[in-house]
Amino acid sequence: MDQNLIDRLRAEMHYEYSRTGPPEGFPAFHDIAIERYTSDEFWELERTHLWPRAWVIAGRVEDASAPGDYFTFDDLGVPLIIVRGADNELRCFYNTCQHRGAPVVRDERGHARTLRCQYHSWSYDITDGSLTAVPDERDFVGLNRAERCLPQIRCDVWDGWVFVNQDTNATPLLEWMGPIPEQLAELQGPTLQTVARRTEVVPCNWKVTAEAFLEVYHFRHIHQKDGDSHLDNRGATMGLLPNGCSRMVTPFSGSSYKNLGMETWDDWKHWEVPGFIDIPTVNPMVRCTSSAYSIFPNLITPIAAYGFPFITFWPIDKTTTRIDWTHYAPLDFDPSNGLPPHWEARMENFDRIMGEDFENMAPMQRSLESPAMRGVPINYQERRIWHFHEEVDRMIGIDRIPEHLRVEQLMAPYVGD
Ligand code: FES
Ligand SMILES: [Fe+2]
């Protein structure tokens, strides 16, 4: 983040504290239709038009670091394989043999000179997916190898994180992310390692789970500890970024910033957390606030100078979502041998906060499905949720969505960097 952005965010937070209502002219939101969370119709629209066009994270570059290394990825509901080719590039193919449809590779991770299906040993090239060997080829009449290569999808890398997209015409990832790669370059993504991953399955629609991380309105109500909450939502500033992405910076509450020796909520310093390896380029504002980014549709990250989690939301069915949170950090230990106590303690603390969110979400789907639920009114400080829903509709294609299920496209004038 450059100093101009930090100065702008500081001014925005001062404004948020001082305002007595939404800014002059800010639009009134209509209720979000409940059926967006509950109907088969909307679920099918997302399944058919949103997920097959979305950039989603599949792993890290070091999950396949040498030519021939591969890992599988199933979270989009279609079996995929990410493989590093002989030219050292990562590519993503459908993990479906073009003979009789067996998975080409079966291990979650591995190394192969050629991608050989175990059923009848059809083999595919690690670099371009071309069909290179067919046992008893003479018995196939008119087999055209060129037509039987492994179909490839898009695979782009941002600072060490590997993303895939089934839409071969998709906007390149870094373009899709707008200003985010530049603003997050200070995290030194390429130097980080995966610390640990946690997973939880929650019985509600994936958007219910994502929305819980798009506002801090709920924070002091469900995340209190000893009668105090760590953040002050009244000063939170929301950045609506292109393509449904967004940013949120929230000041620490009085007790929290005083504990850090800060005089005021914006007395930002180069504060380092003892015991952890510091990412020295992370700016003081990020160190002394809660700063988070959302990459549409299903990745949210509360960033920090001593490592941070990526939280991802994977729909299993209309009312079931798997949430993963994976911590990345600069490390001086090998996490496969277990975590040292300071990391264990940190994970436990983060898991506790996630647990509070899950406990809150778990009964929500049934409650949303009640005839008592009229619609979801959204307030100004929840506007990232509205912005997110607008992008859901744009990805699906607004014309495909019945009028009563749409959200009005209202936020364009508020989208910036
Ligand atoms: S199904 Fe793969 S070789 Fe026959
Ligand atoms: Fe929360």
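Calculation rules
Residues numbered from 1 in each chain as written. Chains lettered and ligands numbered in written order. Predicted model: local features only at pLDDT ≥ 70, side-chain atom pairs only at ≥ 80, totals over all residues. Core = buried A, V, L, I, M, F, W, Y, C linked by C-beta atoms within 7 Å. Buried ≥ 20, exposed ≤ 12 C-beta atoms within 10 Å, placed from the backbone. Domains from an automatic or database assignment. Contact = placed C-beta atoms within 7 Å. Axes fitted to C-alpha atoms, helices over the stretch in contact; angles between N-to-C directions. Helix = DSSP H or I, 4+ residues; strand = E, 2+ residues; numbered from the N terminus. Left-handed = near helix turned anticlockwise from the far one by under 90°. Nonpolar A, V, L, I, M, F, W, Y, C, P; charged D, E, K, R; others polar. Arc of directions from axis to C-beta. Pairing = 2+ DSSP bridges.

1. Focus on the nonpolar core
Right, so step 1: Ile81, Ile82, Val83, Val104, Phe163, Val164 and Ile303 are the most contacted members of the largest nonpolar core, which totals 96 residues.
Right, so step 2: Mapping this core onto the domain boundaries places at least three of its residues in each of domain 1 (3-53 + 174-414) and domain 2 (56-165).
Right, so step 3: Setting aside chain neighbours within four positions, we find Val83 in contact with Ala64, Tyr70, Arg91, Phe93, Leu115 and Ile126.

2. Thoughts on the packing of helix α3 (residues 40-50) against helix α12 (residues 383-396)
Right, so step 1: Where α3 meets α12, the closest approach of the two axes is 8 Å, and the angle between their N-to-C directions is 65°. Crossing of α3 against α12: the hand is left-handed. Across the interface between the two elements, Leu45, Glu46, His49 and Leu50 of α3 pack against Val392, Met395 and Ile396 of α12.
Right, so step 2: Residue composition of the contact of α3 with α12, grouped by class: five nonpolar, one polar and one charged.

3. Observations concerning the environment of Thr320
Right, so step 1: Relative to the assigned elements, Thr320 resides in strand β17 (residues 320-329).
Right, so step 2: On a C-alpha basis, the gap between Thr320 and Val201 in space is 7.0 Å, while along the polypeptide they are 119 residues apart.
Right, so step 3: If we skip the residues at most four places from it in the chain, Thr320 touches Val201 and Pro203.

4. Brief notes about unusual backbone geometry
Right, so step 1: Of note, the bond from Phe296 into Pro297 is cis; its omega dihedral lies within 30 degrees of zero at 5°.
Right, so step 2: Relative to the elements of secondary structure, Pro297 occurs in the loop between β14 (289-295) and β15 (299-303).
Right, so step 3: Residue Asn88 is not a glycine yet carries a positive backbone phi of 75°.
Right, so step 4: Looking at the secondary structure, you find Asn88 in the loop between β3 (80-84) and β4 (90-94).
Right, so step 5: Backbone geometry at Asp136 places phi at a positive 55°, although glycine is not the residue there.
Right, so step 6: Here Asp136 shows up in the loop between β8 (131-133) and β9 (152-158).
Right, so step 7: Judged by the 8 C-beta atoms lying within 10 Å of it, Asp136 falls in the exposed class.

5. Some details on α3
Right, so step 1: Taken together, the buried positions of α3 are occupied by Phe42, Leu45 and Glu46. Taken around the axis of α3, the buried residues stretch over an arc of 95°, which confines them to a single face. Exposed and oriented more than 90 degrees from the buried face of α3 are Asp40 and Glu44.
Right, so step 2: Against α2 (35-38) and α12 lie the buried residues of α3.

6. Things to note about the sheet that holds strand β10 (residues 161-165)
Right, so step 1: With antiparallel pairing, seven strands are arranged side by side in an open sheet as β1-β10-β9-β4-β3-β2-β5. In this open sheet, the two edge strands, each paired with only one partner strand, are β1 (56-60) and β5 (109-111). Pairwise comparison of adjacent strand axes, ignoring direction, gives a mean angle of 30° for this sheet.
Right, so step 2: Here strand β2 (residues 69-73) pairs with β3 via four bridges, running antiparallel.

7. Focus on the domain arrangement of the protein
Right, so step 1: What the domain assignment lists for the protein is domain 1 (3-53 + 174-414) and domain 2 (56-165).
Right, so step 2: Spacing between the C-alpha centres of domain 1 and domain 2 amounts to 33 Å.
Right, so step 3: Between domain 1 and domain 2, the contact holds 13 residues from the first and ten residues from the second.
Right, so step 4: Split by residue class, the side of domain 1 that touches domain 2 holds nine nonpolar, four polar and no charged.

8. Points about the pairing of β14
The two faces of a sheet get side chains in turn, since along a regular strand they alternate between them.
Right, so step 1: With seven of its seven residues buried, β14 lies for the most part within the structure.
Right, so step 2: Of the two faces of β14, the one holding Thr289, Ser291, Tyr293 and Ile295 and the one holding Ser290, Ala292 and Ser294 are both buried throughout.
Right, so step 3: Where strand β13 (residues 246-251) meets β14, six bridges bridge the pair, whose relative direction is antiparallel. Paired with Val249 across the bridge in β14 is Ser291.
Right, so step 4: Here β14 pairs with β15 via five bridges, running antiparallel. Counted as the bridge partner of Ala292 is Pro302 from β15.
Right, so step 5: Counting the residues in the hairpin turn of β14 and β15 gives three residues.

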